[in-house]
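In case you want the letters, here they are:
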Amino acid sequence: MKFSIARDTFLNGLQLVAGVVERRQTLPVLSNALFVLDETGLSITGTDLEVEVVSKIQPQSVEETGTITIPARKLFDIVRSLSDEAQIEVATEEERAIVKSGRSRFTLSTLPASEFPNVEEGAQSCQFEIAQGQLKSLIDKVSFSMAQQDVRYYLNGMLFEVSPEHLRLVATDGHRLAMTTLDTSNLSTESLQAILPRKGVLELSRMLSDGDEKVSLSLGSNHICVTAPGYKFTSKLVDGKFPDYERVLPRNAEKTVESSREGLKQSFSRAAILSNEKYRGVRMQLEQSLIRITANNPEQEQAEEEVAVNYDGESLEIGFNVSYMIEALNTLKSDDVQISLADPNSSALMQAKEDGSTLYVIMPMRL
């Protein structure tokens, strides 16, 4: 294998796969990326056996085609450290890859391409196209609510629900739930649910752009596959049943508060400074046209904030994890938000005032 390539082109291709490749692997070949050079261009593949990313780039010149695996992070760090205008030559000699640029020369160990594992995709149940920016926005609206290392492994990921009417993404860690829905007629002829693991969610969000370019999304019984110009993303799905999120949505939340999103977020942020560092609890007292937010900690310090709101109902006192409230308010992009409550023991439902497509459910705390 021998080719020359512009530094920026090479870096973009390596950047897509570098996030998937783990530094410490039980299998040495999983620390490497698979390079396949042929007449159509150079494809670079990285995998951790759960998630696989293939990026496709065009070298400036190809002297000799071939396949090999090269340490992914080391090569990425080398290319990133070179100057922006650098031209890079890559060649393989025996069991080594030689990387040259100007007066710099690097020799990297390689492993045979035959040792590199292949992620089996399996049959696809449904396939559709969606704008990259649209899919990225949906993921970013709910991804913060995914669990991390929960023993209920199906919570360590995101639910993709496809039906003839909508594409819905849901994430929950058992204390809060985030749900966003995109109305799409004739997206799929059947209804399908799939749980994408946490790492796959984060990698896919990182790869997607904010633009209107279309990507093809395929869902099967075991895999999800997203194909875009320049790359292909494949991930295994979590084998488990996601909780019935419909049951979590508050039904009798008749007390409705409307407030400026930014004002409420800043008040919660200031109160959080003096909240208990471990439990992060704040007390929210709801009165006519007013929310009073109070926080205290074991050092007997106290914060109190008052926020003018649009509320005409009975008084109510309820406790929340302030971090959950702030994260939900950060993700909503509207000027005004609406919070629906029932009683001190029931969850709160938060959404944008003018748009009910994205919902956040936050469980109360006993303070």
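**Q** An account of a negative patch on the surface is requested, with residue identities and associated values reported.
**A** Taken together, the side chains of D335, D336, E354 and D355 define an acidic patch exposed on the protein surface. Structurally, D336 is set in strand β23 (residues 336–341). For D336, a relative accessible area of 33% corresponds to the partly exposed category.

**Q** Lay out the nonpolar core in plain terms, naming residues and giving numbers.
**A** Core analysis: the largest hydrophobic core is formed by 99 residues, its most contacted members being F10, F35 and F268. Among the nonpolar cores identified, the runner-up in size contains 12 residues, and L159, M179, L349 and V361 belong to it.

**Q** Give a description of helix α7 (residues 322–331) that names residues and reports values.
**A** Counting buried residues along α7, seven of its 10 residues qualify, which places the element largely inside the surrounding structure. Inspection of α7 places V322, Y324, M325, I326, A328, L329 and T331 among the buried residues, and these make up the whole buried set. The backbone nitrogen of S323 lies 2.9 Å from a side-chain oxygen of the residue at the head of α7, namely N321.

**Q** Explain the packing of helix α1 (residues 7–18) against helix α2 (residues 72–81) to me, and be specific about the residues and the numbers.
**A** Taken N-terminus to C-terminus, the directions of α1 and α2 make an angle of 145°; their axes are 9 Å apart at the nearest point. Crossing hand, α1 versus α2: left-handed. Contact with α1, carried on its side by R7, F10, L11, L14, Q15 and A18, involves R73, L75, F76, V79 and R80 of α2 and no other residues of that element. Considering only residue class, the contact of α1 with α2 consists of seven nonpolar, one polar and three charged.

**Q** Explain the environment of L42 to me, using residue names and the numbers behind them.
**A** In this structure, L42 sits in strand β3 (residues 41–47). A relative accessible area of 0% means that L42 is categorised as buried. Along the sequence, L42 and S269 sit 227 residues apart, while their C-alpha atoms lie 48 Å from each other. Apart from the residues lying within four places of it in its own chain, the contact partners of L42 are F3, F10, F35, V36, L37, S55, K56, I57 and P59.

Reading the values: rules and limits
Residues numbered from 1 in each chain as written. Predicted model: local features only at pLDDT ≥ 70, side-chain atom pairs only at ≥ 80, totals over all residues. Heavy atoms only, no water. Patch = residues over 30% accessible without salt bridge, like charges linked within 9 Å, V, L, I, M, F, W, Y side chains within 5 Å. Areas by Shrake-Rupley, 256 points an atom, 1.4 Å probe, with all protein chains shown as cover. Salt bridge = Lys/Arg side-chain N within 4 Å of Asp/Glu carboxyl O. Lys, Arg positive; Asp, Glu negative; His and termini not counted. Charge placed at Lys NZ, Arg CZ, Asp CG, Glu CD. Helix = DSSP H or I, 4+ residues; strand = E, 2+ residues; numbered from the N terminus. Buried < 20%, exposed > 50% of the residue type's maximum accessible area, 1.4 Å probe, protein only. Core = buried A, V, L, I, M, F, W, Y, C linked by side-chain atoms within 4.5 Å. Polar contact = N/O pair within 3.5 Å; in protein donor to acceptor, adjacent residues only side chain to side chain. Axes fitted to C-alpha atoms, helices over the stretch in contact; angles between N-to-C directions. Left-handed = near helix turned anticlockwise from the far one by under 90°. Contact = heavy atoms within 4.5 Å. Nonpolar A, V, L, I, M, F, W, Y, C, P; charged D, E, K, R; others polar.

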